[in-house]
Amino acid sequence: MSEFRITHEIHEVHPDIREKLTTATIDAINESSARSAEDAALVLRNRLGEIGVHMSPEACLAAVERIRSGKSLRFEIEREDAED
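Residues numbered from 1 in each chain as written. Predicted model: local features only at pLDDT ≥ 70, side-chain atom pairs only at ≥ 80, totals over all residues. Heavy atoms only, no water.

Chemist: Honestly, the overall build of the protein in this entry has me stumped. Any pointers?
Modeler: In terms of regular secondary structure, the protein is built from 4 helices and 2 strands. Each helix (α) and strand (β) of the protein, taken in turn from the N terminus, gives the series β-α-α-α-α-β. Looking at the 84 residues of the protein, the share that counts as buried comes to 32%. If you take every contact in the protein between residues at least 6 apart in sequence, the share linking residues at least 24 apart comes to 61%. With an accessible surface of roughly 5,600 Å², the protein has 47% of that area assigned to carbon and sulfur atoms. (Helix = DSSP H or I, 4+ residues; strand = E, 2+ residues; numbered from the N terminus. Buried < 20%, exposed > 50% of the residue type's maximum accessible area, 1.4 Å probe, protein only. Contact = heavy atoms within 4.5 Å. Areas by Shrake-Rupley, 256 points an atom, 1.4 Å probe, with all protein chains shown as cover.)

Right, dumping it as structure tokens:
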């Protein structure tokens, strides 16, 4: 399952980040519905950049493919502990 993680520290500073991410993602997917998954991922990446969120091209593509296959995205909050 693909989960998109938001660190607890970011969530404390921007408590509405989940809502912004969800809105930006839906807008980008709708805007690029007639495009290839790769093009839609670029639109998503640009749209997220507009709200100050940087996501890898691979993660954007995974998000687009997940949504297009009828699955939902989950934005999880996690503490920024040790890097594994």
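Chemist: So what exactly am I meant to see when it comes to the packing of helix H2 (residues 17-31) against helix H3 (residues 37-50) here?
Modeler: The geometry of a pair of packed helices is captured by two quantities: the angle between their axes and the separation between those axes. Orientation of H2 relative to H3, taken along the N-to-C sense of each, is 145°, at an axis distance of 9 Å. For H2 against H3, the interelement crossing comes out right-handed. Listed contacts from H3 to Leu21, Ala24, Thr25, Asp27, Ala28 and Glu31 of H2 are Val43, Leu44, Arg47 and Leu48. Partitioned by chemical class, the residues of the contact of H2 with H3 number 6 nonpolar, 1 polar and 3 charged. (Axes fitted to C-alpha atoms, helices over the stretch in contact; angles between N-to-C directions. Left-handed = near helix turned anticlockwise from the far one by under 90°. Nonpolar A, V, L, I, M, F, W, Y, C, P; charged D, E, K, R; others polar.)

Chemist: Any chance you could explain the nonpolar core here in plain terms?
Modeler: Across soluble globular proteins, nonpolar side chains show a tendency to be buried alongside one another. Of all hydrophobic cores here, the largest spans 18 residues; its most connected members are Leu21, Leu44, Leu48, Val53, Met55, Cys60 and Val64. Within the residue set of this core, elements represented by two or more residues are H2, H3 and helix H4 (57-68). If sequence neighbours within four positions are ignored, Cys60 has contacts with Ala41, Leu44, Arg45, Leu48 and Met55. (Core = buried A, V, L, I, M, F, W, Y, C linked by side-chain atoms within 4.5 Å.)

Chemist: Even after reading the chapter, I still don't get the pattern of salt bridges, so can you show me in this structure?
Modeler: Once their charged atoms are close, side chains differing in charge can pair, the charge on each being opposite to the other. Evaluation of the coordinates by the stated rule reveals 3 salt bridges. Between Asp27 and Arg47 there is a salt bridge, and its shortest N-O distance comes to 3.7 Å. In this pair, Asp27 sits in helix H2 while Arg47 sits in helix H3, placing the two residues 20 residues apart along the sequence. Across the salt bridge formed by Arg47 and Glu31, the nearest N and O atoms sit 2.1 Å from each other. In this pair, Arg47 sits in helix H3 while Glu31 sits in helix H2, placing the two residues 16 residues apart along the sequence. Through salt bridges that share partners, Asp27, Glu31, Arg47 and Glu50 make up one connected network. (Salt bridge = Lys/Arg side-chain N within 4 Å of Asp/Glu carboxyl O.)

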